[in-house]
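# Structural description and commentary
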Amino acid sequence: MIKGLTIVRAARSASDFEALESFFAALGFEPGKSWADDQSRGTPFLAPLGSLEFVVGKMPAEPEILIEVTSLDGVHAVAEGWAVKANASRMSPSRISPIAATHWNSRVFTVEPVPGMVVGFWESENAHHGKPVAIEGDLSAAGMRFGIVVARWNAVITDRLLNGALDGLLRSGAKRDAIRIVRVPGAWEIPAAARLLAETGQVDAIVTLGVLLRGETAHYEAIYNEVSRGIGQSQQETGVPHSFGVLTCETLEQALDRAGLKAGNKGFEAALAAIEMTDIKRKIATVPVTDIAAGR
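Calculation rules
Chains are numbered independently. Their residues run from 1 in the order of the written sequence. Owing to the predicted nature of the model, reporting of local features is limited to residues with pLDDT of at least 70; listing and counting of side-chain atom pairs is limited to 80 or more, with chain, interface and lining totals taken over all residues. Note that water and hydrogens are dropped before the side-chain values are worked out from all heavy atoms of the structure. Strands here mean DSSP runs of E at least two residues long; helices mean DSSP runs of H or I at least four residues long; both are numbered from the N terminus. What a helix should span is 1.5 Å times the count of its residues minus one. Burial status follows relative accessibility: with a 1.4 Å probe on protein chains alone, a residue under 20% of its type maximum counts as buried, one over 50% as exposed, and anything between as partly exposed. Should any heavy atoms of two residues lie within 4.5 Å, those residues are considered in contact. Side-chain atoms alone can form a polar contact between residues adjacent in sequence; in general such a contact is a pair of N or O atoms within 3.5 Å, and within protein one must be able to donate a hydrogen while the other accepts it. Only strands that DSSP links by at least two bridges are regarded as paired with each other. To get an axis, fit a line to the C-alpha atoms, keeping to the stretch in contact for a helix; angles then go from 0 to 180 degrees between the N-to-C directions. Between the rings of Phe, Tyr and Trp (Trp by its six-membered ring), a pair exists once the centres lie within 6.5 Å; its type follows the angle of the planes, with under 30 degrees stacked, over 60 edge-to-face, and the other angles tilted. Under this scheme an angle from 65 to 115 degrees is roughly perpendicular, one under 35 degrees roughly parallel, and one over 145 degrees roughly antiparallel; angles in between are oblique. In the scheme used here, Gly and all other residues not listed as nonpolar or charged are polar, with Ala, Val, Leu, Ile, Met, Phe, Trp, Tyr, Cys and Pro taken as nonpolar and Asp, Glu, Lys and Arg as charged. Here, a salt bridge means any Lys or Arg side-chain nitrogen found within 4 Å of an Asp or Glu carboxyl oxygen.

### Considerations on helix H7 (residues 266-286)
Compared with an ideal rise of 1.5 Å per residue, which puts 21 residues at 30 Å, H7 spans 30 Å between its outermost C-alpha atoms and is within 8% of the ideal. Within the sequence span of H7, burial applies to Gly267, Ala270, Ala271, Ala274, Ile275, Thr278, Asp279 and Ile280. For H7, the secondary structure elements touched by its buried residues are strand E9 (146-151), helix H3 (155-171), strand E11 (205-213) and strand E12 (242-249). Backbone nitrogen of Gly267 and a side-chain oxygen of the N-cap are separated by 2.8 Å at the start of H7; the cap is Asn265.

In structure tokens:
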């Protein structure tokens, strides 16, 4: 039912009124519909968002008119420029305060565009202020159970991926007895084993590890498409997160690089993805949507 809020402040004189019009226009406020009658006139200035705040006890030191901005330094420069153009003798530099930090994790400065009217401008130091709160997974594997499905084909690569995945899980707090490893002949068999493991209900997430080399497999594209489709389908139909650690490389050298030599270890990365997705799944299941929107 509430559509908007307007706070009306009186200017002490026509010259003050004109100065205020000039000041807020210079800052980029959208002018509203002006009005005039036999006794007075007014000009509203519009902002995208606003709030009405009540305080009990000692009032804070900030002025009554407090405007949030997205570039405090730029607004400060505009205010200083306006003061010079408006009337240097009328507005001394002391009536524009320097930017200062606050105890509420923000920066603020004040301007007195006309005598007796102080306006504050502030910007939050919190990068997430005013933005919708996102659910993100934590990288703590404590209390989680994992399955690892790893192909034996090209063991010189897949063993490195397996070691990387175990390192990632154990470093993040997983217990050794909470990790179940299933070895399959090759990449083709990974989706079936992952599906069987997910359906046991004994794991919270599955890490799939394997390697496909274009130069060694004539039907490389067909196998890759089926493996990726099968892993994705198993994840969607069982509801158990599956992380994808199946390398698709042109040569053995590229695979070795991605298994820990030069380009990181994709098994380690897949393990961290499994941890994060498990935590996200738990948070989505337990945090009400209203709490997410409210930032609680």
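### Some thoughts on the pairing of E12
Burial of E12 is extensive: six of the eight residues sit out of reach of the surface. With eight bridges connecting them, E11 and E12 associate as parallel partners. Pairing of Leu212 across the sheet is with Thr248, part of E12.

### Re unusual backbone geometry
Note: most residues except glycine have negative phi, and most peptide bonds are trans. At Asn154, a position not held by glycine, the phi torsion is positive, near 60°. Inspection of the secondary structure puts Asn154 in the loop between E9 and H3. By relative accessible area, which is 16% here, Asn154 ends up buried.

### Overview of the sheet that holds strand E6 (residues 100-101)
On the basis of which strands lie adjacent, the open sheet formed by four strands has the order E5-E8-E7-E6 and mixed pairing. At either end of the open sheet lies a strand with only one pairing partner, and these are strand E5 (65-68) and E6. Two strands pair when backbone bridges link them, and E5 and strand E8 (residues 117-124) are joined in this way by four bridges, in the parallel orientation. Bridging from a neighbouring strand, Glu68 pairs with Trp122 of E8. The strands touched by helix H1 (residues 14-26) are E5, strand E7 (106-114) and E8; relative to E7, the strand with the most contacts, the crossing angle is about 145°.

### What about the packing of aromatic side chains?
On inspection of all chains with the given rule, the structure shows six aromatic pairs. Considering the side-chain rings of Phe23 and Phe121, the 6.2 Å spacing of their centres and the 75° angle between planes classify their relative orientation as edge-to-face. Taken together, the positions of Phe23 in helix H1 and Phe121 in strand E8 put the pair 98 residues apart, joining distant regions of the chain. Take Phe23 and Phe121: they sit in the same class, and that class is buried. Taken together, the ring pairs connect Phe23, Phe24, Phe29, Phe45, Trp82, Phe109 and Phe121 into an aromatic cluster.

### Digging into the packing of helix H4 (residues 190-199) against helix H5 (residues 220-238)
Interhelical geometry of H4 versus H5 gives an angle of 10° and a closest axis separation of 8 Å. When the axis of H4 is compared with that of H5, the two are roughly parallel. Residues Ile190, Pro191, Ala194, Arg195, Ala198 and Glu199 of H4 lie in contact with H5, whose contacting residues are Glu226, Val227, Gly230, Ile231, Gln233, Ser234, Glu237 and Thr238. Of the residues in the contact of H4 with H5, the class split is six nonpolar, four polar and four charged.

### Structural notes on the pattern of salt bridges
Summed over all chains, the structure comprises 17 salt bridges. Where Arg282 meets Asp204, a salt bridge forms, and the shortest distance between an N and an O atom there is 3.4 Å. Of the two residues, Arg282 is situated in helix H7 and Asp204 in the loop between H4 and E11; the sequence distance between them amounts to 78 residues. Residue classification places Arg282 among the partly exposed positions, given a relative accessible area of 36%. For Lys266, the salt bridge identified is with Glu269, shortest N-O distance 3.3 Å. A residue pair is termed a helical-turn pair when its members lie 3 or 4 positions apart in one helix, as Lys266 and Glu269 do in helix H7 at three residues. Under the relative-accessibility criterion, Lys266 is labelled partly exposed at 21%.

### Quick notes on the sheet that holds E12
Spatially, E10-E9-E11-E12 is the arrangement adopted by the four strands of the open sheet, whose pairing is parallel. At either margin of the open sheet sits one strand with a lone partner, and together these are strand E10 (179-184) and E12. Each neighbouring strand pair of the sheet contributes to a mean axis angle of 15°, computed without reference to strand direction. Each of E9, E11 and E12 touches H7; the most contacted strand, E11, lies at about 150° to it.

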